[in-house]
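Structural features, examined
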Amino acid sequence: MDEIEKVFEESVNAHKISDVEVGCFLSSGVDSSYVSTYFADQKTFTVGFDFGEKYNEISWAERLSKKIGVEHHTHLISSEEFWGNVEHVQYHMDQPLADPSCIALYFVSKLASEYVKVVLSGEGADELFGGYWIYHDQFEFDKYFKVPRPLRAAAGAVAEKLPHFKGQSFIIRGSRETEEKFIGNAFMYDDEDKRRILKDPSIVTRPQSLCKKFYDRVRGYDQETKMQYLDINLWMVGDILLKADRMSMANSLELRVPFLDKEVFKVASKLPTRLRVNKKNTKYAMRQAANRHLPQETAQKEKLGFPVPTRVWLRDEKYYNI
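The structure displayed is predicted, hence computed values, not measured ones.

1. Observations concerning the overall build of the protein
Across its full length, the protein holds 19 helices and five strands. Relative to the compact-globule value of 20 Å for 322 residues, the protein shows a C-alpha radius of gyration of 21 Å, a close match. Counting only C-alpha atoms and orienting by the principal axes, one finds that the protein spans roughly 60 × 50 × 35 Å. Within the span of the protein, comprising 322 residues, buried residues form 48% of the whole. In the protein, the share of contacts with a sequence separation of at least 24, taken over all contacts with a separation of at least 6, comes to 74%. Carbon and sulfur atoms make up 54% of the accessible area of the protein, which amounts to about 17,000 Å² in all.

Written out as C-alpha cells, the structure reads:
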C-alpha cells in the first residue's frame, strides 16, 4: 500500500505539470476518484444518463467532490442527444468500435473542453491492478474445479449439445481452460453464428487464435495473470485507450493517464495475485491504498464501468429501429 501510494502520487503530480490548467474526469468508481483526490481547488467532470443511479454516477461524484473540495461540473445526456451524436462520434472514431461508452466519453470530453485543455483520467487501473470482475472467475468455480478435468470436459461437451437450461453456461465455462474461454470483454458471436451469418463461411476465424501469441508468453502463470496480460495487450489498447484518445481529441482535449506511468506499472507487476484479486474484492491492494484518501464507500465500490442504457433503448421502438 505504501509503495502504491507513493508511486501513484508521484505519477499524478508529474502528469499535472502543464502551462495550462489541468482538470480530471470523475466517475463513482475508485480509479478516477483516486486521481481526483489530488485535485483540491481544481475542476472535475462527470456525465450520466437520466435512467436512475445504475446509469448515472453524477450524485456519487457530487458527494465526493464536496468532500475533497473540487469545483465539479456535470452534464446529463438525453436519449435524443446520444442518438443525435452517434454518426458524429463514429466519424471521429475512424473505425468500428462496439462499445457505446465511447459516446458518453465524447460528452464528458466535450464538457471538460469548455473549462480546461488537459484532463487526467483513470484508464489502465483495471488492467494493471486486476479490476475486472471476470478476473474473479476462479472463485466462482472454486468447488467445481476440484472435479477432475476430464469429467468437467465431458460434462461441458454434453451441456453444449443440450437445449438451454439453468447452469448450462457455468458447466461449459468450467470445462474450459483460460486460453479457450477468455478472449477479453469482446465475445459476440460463436463460430456457428458466424458461419450462419457470413456469406462466405470460409473466412470465419477463431478469436482464440488471435489471443494465442499473448497466452504463449505467460505460460505457467495463474489464470488471473494470464487474463490481465491479455487485456493489457488487446482490450486496453484496442478499446479503452482507443476511445479515450479519439473522443478527447475530437474535442481538442489532451487526456493523460497516470495509472499507465511505467513506474506505477513496475509496482503493479510485482504484486502477488492475492493482492490483485481475491475472495474479498478486485484491485485489492490498490483499493486499500486509495482508502487512505477516499471515503470507504468509494474505495470499495464495485466496478460499474461507463454504463450506457442500451437495453432500455432497445425496448423503445423508436430507438430499436435506429
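2. Considerations on the pattern of salt bridges
Within this structure, the stated rule accounts for 20 salt bridges. Of the charged contacts in the structure, one is a salt bridge between Glu160 and Arg176, with a shortest N-O distance of 2.3 Å. Of the two residues, Glu160 is situated in helix 9 (residues 149-161) and Arg176 in the loop between helix 10 (168-174) and helix 11 (178-181); the sequence distance between them amounts to 16 residues. Arg176 gets classed as partly exposed once you look at its relative accessible area, which sits at 30%. Taken together, the shared-partner salt bridges connect Asp2, Glu5 and Arg292 into one network.

3. Description of the pairing of strand 1 (residues 22-25)
With burial as the criterion, each face of strand 1 is covered, one bearing Val22 and Cys24 and the other bearing Gly23 and Phe25. Taken together, the three bridges between strand 1 and strand 4 (residues 118-120) define a ladder with parallel strand orientation. Its bridge partner lying in strand 4, Cys24 is registered against Leu120.

4. Re unusual backbone geometry
One non-glycine residue with positive phi stands out, namely Ser252, at about 55°. Classification of Ser252 as exposed rests on a relative accessible area of 58%. A positive phi angle, near 50°, is found at Lys283, a position not held by glycine. Tracing the backbone through its elements, the reader meets Lys283 in the loop between helix 15 (262-270) and helix 16 (284-291). The buried category is assigned to Lys283, whose relative accessible area is 2%.

5. Regarding the pairing of strand 2 (residues 43-49)
Along a regular strand, successive side chains alternate from one face of the sheet to the other. Within strand 2, seven of the seven residues are buried, leaving the element largely enclosed by the surrounding structure. The alternating pattern of strand 2 places Lys43, Phe45, Val47 and Phe49 and Thr44, Thr46 and Gly48 on opposite faces, both of which are buried. Bridge analysis of strand 2 against strand 3 (residues 71-77) gives seven bridges, and the strand direction is parallel. Note on strand 3: the bridge partner recorded for Thr44 is His72.

6. Some words on a nonpolar patch on the surface
A contiguous nonpolar patch, built from Met188, Tyr189 and Ile197 and spanning about 350 Å² of accessible area, is present on the exposed surface. If you trace the backbone, Met188 turns up in the loop between helix 11 and helix 12 (191-197). Residue classification places Met188 among the exposed residues on the basis of a relative accessible area of 53%.

7. With respect to the side chain of Thr282
Examined against the element boundaries, Thr282 turns out to sit in the loop between helix 15 and helix 16. Judged by relative accessible area, which is 1%, Thr282 ranks as buried. Of note is the side chain of Thr282, whose polar atom sits 3.3 Å from the backbone oxygen of Gly131. For Thr282, the contacting residues outside a window of four places in its chain are Gly130, Gly131, Tyr132, Trp133, Arg276 and Arg287.

8. Here we look at the packing of aromatic side chains
The final tally for this structure, using the stated rule, is 15 aromatic pairs. Considering the side-chain rings of Tyr34 and Tyr38, the 6.2 Å spacing of their centres and the 40° angle between planes classify their relative orientation as tilted. As far as the burial class goes, Tyr34 and Tyr38 line up, both buried. Members of the aromatic cluster, connected to one another through ring pairs, are Phe8, Tyr34, Tyr38, Phe129 and Phe259. Stacked on the ring of Trp60, the Lys or Arg Arg63 has its end atom at 5.2 Å from the ring centre.

9. Focus: the side chain of Lys243
With respect to the helices and strands, the residue Lys243 is situated in helix 14 (residues 223-249). Residues within four places of Lys243 in sequence aside, it is in contact with Met93, Leu97, Asp99, Ser101, Cys102, Leu105 and Ser248.

10. Quick notes on the packing of helix 6 (residues 101-113) against helix 14
Helices that pack against each other are described as a pair by the angle of their axes relative to one another and the distance between those axes. At their nearest, the axes of helix 6 and helix 14 sit 8 Å apart, and the two run at 40° to each other. Taken together, the axes of helix 6 and helix 14 are oblique relative to one another. In this structure, helix 6 meets helix 14 at a crossing whose hand is right-handed. Judged by residue contacts, Ser101, Cys102, Leu105, Tyr106 and Ser109 of helix 6 engage Lys243, Ala244, Met247 and Ser248 from helix 14. Taken together, the residues of the contact of helix 6 with helix 14 sort by class into five nonpolar, three polar and one charged.

The rules behind each value
- Residues numbered from 1 in each chain as written.
- Predicted model: local features only at pLDDT ≥ 70, side-chain atom pairs only at ≥ 80, totals over all residues.
- Heavy atoms only, no water.
- Helix = DSSP H or I, 4+ residues; strand = E, 2+ residues; numbered from the N terminus.
- Rg over C-alpha atoms; globule rule 2.2 N^0.38 Å.
- Buried < 20%, exposed > 50% of the residue type's maximum accessible area, 1.4 Å probe, protein only.
- Contact = heavy atoms within 4.5 Å.
- Areas by Shrake-Rupley, 256 points an atom, 1.4 Å probe, with all protein chains shown as cover.
- Salt bridge = Lys/Arg side-chain N within 4 Å of Asp/Glu carboxyl O.
- Pairing = 2+ DSSP bridges.
- Patch = residues over 30% accessible without salt bridge, like charges linked within 9 Å, V, L, I, M, F, W, Y side chains within 5 Å.
- Polar contact = N/O pair within 3.5 Å; in protein donor to acceptor, adjacent residues only side chain to side chain.
- Phe/Tyr/Trp six-rings, centres within 6.5 Å; stacked < 30°, edge-to-face > 60°.
- Lys NZ or Arg CZ within 6 Å of the ring centre and 35° of its normal.
- Axes fitted to C-alpha atoms, helices over the stretch in contact; angles between N-to-C directions.
- Parallel < 35°, antiparallel > 145°, perpendicular 65-115°, else oblique.
- Left-handed = near helix turned anticlockwise from the far one by under 90°.
- Nonpolar A, V, L, I, M, F, W, Y, C, P; charged D, E, K, R; others polar.

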